[in-house]
Structures are given as structure tokens and as C-alpha cells.
Amino acid sequence: MNPQANLIFIASLLLGTTITISSNHWIMAWTGLEINTLAILPLISKSHHPRAIEAATKYFLTQAAASALVLFSSMTNAWHTGQWDITQLTHPASSLILTSAIAMKLGLVPFHFWFPEVLQGSPLTTGLLLSTIMKLPPITLLYMTSPSLNPTLLTTLAILSTALGGWMGLNQTQIRKILAFSSISHLGWMAIIIIYNPKLTLLNFYLYAMMTATIFLTLNTIKVLKLSTLMTAWTKMPSLNAMLLLTLLSLAGLPPLTGFLPKWLIIQELTKQDMAPAATIISLLSLLSLFFYLRLAYCTTITLPPHTTNHMKQWRTNKSTNITIAILTTMSVILLPISPMIITIV
């Protein structure tokens, strides 16, 4: 893709995200979401492969439907209350429609079907944007409207997302699809706590985005898309593969790695809110996704029998990417000991 065009699309993405997260008026938030959608479409379809075109079409149709629902929800609320302020979403029907719209935007169950397909059809760098920065505006809208949302509905969506994100990822061989189901599972953890402690949702999102960015950038560096190629990738950069193992275990939420922090805080908060059964169910369901993280980790560090592989060790790599991956990997692995400071900041 033309570098100037690429720059324009990335700038538009940042602009759309900034407009949505800094707006108080529903129309401005909707405008930001639309700019975001239109900016990511060329990045999804830039390879001109039929699968990429299909992914872009699916993404456009889903996001257009979700944006229409956001607009419909805000107009219904304005009709009944005379308020266009995002934080004043008080009408029950409006908050129900908005929850459905945001679930569709994020890929929460039962509106999750588009997400694995779109991620599978996108390049790894675009997949990184779809999994991280594109989730921020919808989560911000949920954060701002959290006092008005229906707790039962969100808890149900969250538990279903964690369950299906774990189950459907078990049988996958494509790494992008596995990461898509991992994202759906993590969104379940964010959705269950947003009414009771919205700041925990944001903390969970930031840490999830950091760990996912590490994994996508690492996979992009070693040029791996499938489990079968991941098994032979250890010859390229053995040390990077070892760090990828730790990042995957962190994303799974194993102590003493960074990924354990949000899960621990969310379970603690749910217990305080007398929701121990929900906390137990969501914890048990996260064991499903732990299986495919362990599978990925096993394939990452497996050293196949000594037959000749087609890969040579890379003697020169992109230095700036290496520094980024080094910083992100370090943060993805060792932030748990400073959790009191992180909680104070958030």
C-alpha cells in the first residue's frame, strides 16, 4: 500500500478513536465510530485476496448495523428524555439497544460470528489494530453509560462470551482465529465487571491490549500464521520464541505473570458484590481458553527432531520493532509485583 495512503488511514483511525472517547454528545461519538470503521476497511482489504475482501465486507456490514443501532438507541433516549448527553442514558429500552449495539461492535456473544472470520482475513498488523485500538471506543461508551446498563444482561453476555470463546478456540489451527476467540473470552471478563467497577474493565483492557500487541508483533516478526509453521519457527529466533511462551501464559492469566492481575482483581470485586457463583463459573470457563494457550505455548517452544528445516536464522532484523517487542514483552511478564502502584494509578 502507498505509504501516504497508509498514513492517512492510521491518522483517521486515531482521529476517530479520539473523537469517540472525548465526546459527550451521542452524534459526535457516532461520527467517531464511523470514521474508525471507514479507516480500517482499506487496511483489512489491502492484500486484494478474496478472503480479505470477504473479511472487509463482513466487517463493514456488521459495524454499519451496530452504528445504526447506536444512533437508534440515542435517538430513542433523546425522544423520551430530551437528553443527548452520553452519560444520561436513562431510558431502559435505549440502554438495552445500546448494549446490543456495543456487543455487536466488540464481538461479544451472541454477536461474535464476524470477528474470527474478519481477523482470519486480515494481515497480522491489521489484526492487531482490530483486537486492540478498535475495541477502545465501544468500551469507552460502555464505561460512560455503565450506571444505566442492565446487570443481568451483561453478566449473561459475559459468561456466554467466556464459555464460547474457550470452546470454539479449542479445535483451531489458525493462530489468528485462536487469538480472535481469546479476545472474545477476555471481553467476557471486561463485560462482567463494568457495572460494578468500570475502572477494572479499563485496566483489564489496557493489559489485554499490551499482551495481544506483543503476540501479534512477535508473530509478525517470525512470519507465522498457523500452528504447523509455529512448530518450525524456533530456528529463526529461539530467544523470541521463549519470550512468546511467557507472553502466552501471561495472556492465559497464570500467576506470577501480568495477566493474572486483572483476573485476580475482577474475582475479588465480584466476590465483594455477592456474585461468588458468577466468579466461580467465569473462572472455571477460563480454563477452556487456558488449554489452547498451552497448546500455542507448546507449539512455540517445541523443538522438532533434527531434520533440516527450511528456515535460516535471521541475521538482521528490524531494530525498532525489536525494541518495541522487548519493552512490551517485559511489561507483559513482570508487572504483577507492582500491582499496588498500578491499582493506585487506575
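All chains use their own residue numbering, which begins from 1 and follows the written sequence. Residue-level local features of this predicted model are given only where pLDDT is at least 70; pairs of side-chain atoms are given and counted only at 80 or more, and the full residue set underlies all totals for whole chains, interfaces and linings. Water and hydrogen atoms play no part in the side-chain values, which are based on all heavy atoms of the structure.

You'll find the chain entered in an unreviewed UniProt entry as NADH-ubiquinone oxidoreductase chain 2, with Setophaga kirtlandii given as the organism. UniProt positions are given in the numbering used here, feature names are shortened, and annotations may be inferred rather than shown by experiment. We quote the UniProt Sequence similarities (unreviewed entry) comment for the chain here in full: "Belongs to the complex I subunit 2 family." Of the chain, the UniProt comment under Subcellular location (unreviewed entry) reads exactly: "Mitochondrion inner membrane".

Here we come to a nonpolar patch on the surface. Taken together, the side chains of Ile338, Met341, Ile345 and Val346 define a hydrophobic patch exposed on the protein surface, amounting to about 370 Å² of accessible area. Positionally, Ile338 belongs in the loop between α15 (319-334) and α16 (339-345). The class of Ile338 is partly exposed, set by a relative accessible area of 35%. Patch rule: a residue counts if its relative accessible area is over 30% and it has no salt bridge; like charges are joined within 9 Å, and nonpolar side chains (Val, Leu, Ile, Met, Phe, Trp, Tyr) within 5 Å. Surface exposure here means Shrake-Rupley accessible area, sampled with a 1.4 Å probe, where a residue is shielded only by the protein chains that are shown. Salt-bridge detection follows one rule: a side-chain nitrogen of Lys or Arg within 4 Å of a carboxyl oxygen of Asp or Glu. Helix and strand labels come from DSSP, where a helix needs a run of H or I of at least four residues and a strand needs a run of E of at least two; each type is numbered from the N terminus. Exposure is judged per residue with a 1.4 Å probe applied to protein chains only, and the accessible area is read against the type maximum: over 50% gives exposed, under 20% gives buried, and values in between give partly exposed.

Our focus in this paragraph is the layout of surface pockets. The calculated volume of the largest pocket comes to roughly 180 Å³. The pocket and cavity definitions rest on a 1 Å grid over protein atoms only: a 1.4 Å probe that fits but cannot leave marks a cavity, an open set with protein on both sides within 12 Å along at least five of seven lines marks a pocket, and residues lining either have an atom within 4 Å of a point. Together, Asn197, Lys199, Leu200, Leu203, Leu265, Gln268, Glu269, Lys272, Ile343 and Val346 line the largest pocket. The set of elements that each furnish at least two residues to the lining of the largest pocket consists of α10 (198-222) and α13 (260-272). Of the residues forming the lining of the largest pocket, the biggest block, four residues, is contributed by α13. Gly is put with the polar residues, along with every residue not named as nonpolar or charged; the nonpolar set is Ala, Val, Leu, Ile, Met, Phe, Trp, Tyr, Cys and Pro, and the charged set is Asp, Glu, Lys and Arg. Partitioning the lining of the largest pocket into residue classes produces five nonpolar, two polar and three charged. Grid points are joined across faces, edges and corners, and a volume is the space filled by probe spheres set on the points.

Bear in mind that the domain bounds are from an automatic or database domain assignment. Splitting the chain by domain gives domain 1 (1-130) and domain 2 (150-307 + 320-345). On a C-alpha basis, the centroid separation for the pair domain 1 and domain 2 is 23 Å. Between domain 1 and domain 2, the contact holds 20 residues from the first and 26 residues from the second. The quantity reported as buried area is the accessible area (1.4 Å probe) lost by two parts once they are put together, taken as the sum for both. Taken over both partners, the interface formed by domain 1 and domain 2 buries close to 2000 Å², and the fraction arising from carbon and sulfur atoms is 77%. If you sort the residues of domain 1 by the area they bury against domain 2, Val109, Gln120 and Leu124 come out on top, with a joint share of 34%. In this analysis, two residues are considered to be in contact whenever any of their non-hydrogen atoms come within 4.5 Å of each other.

Take the nonpolar core next. Residues Ile40, Tyr59, Leu219 and Leu230 are the most contacted members of the largest nonpolar core, which totals 99 residues. With 14 residues, the top contributor of residues to this core is α10. If you count residues domain by domain, this core takes at least three from each of domain 1 (1-130) and domain 2 (150-307 + 320-345). Discounting chain neighbours no more than four positions away, the residues touching Ile40 are Leu13, Tyr59, Thr126, Leu129, Leu130 and Met134. Think of a nonpolar core as a cluster: buried Ala, Val, Leu, Ile, Met, Phe, Trp, Tyr and Cys residues, connected wherever their side-chain atoms sit within 4.5 Å.

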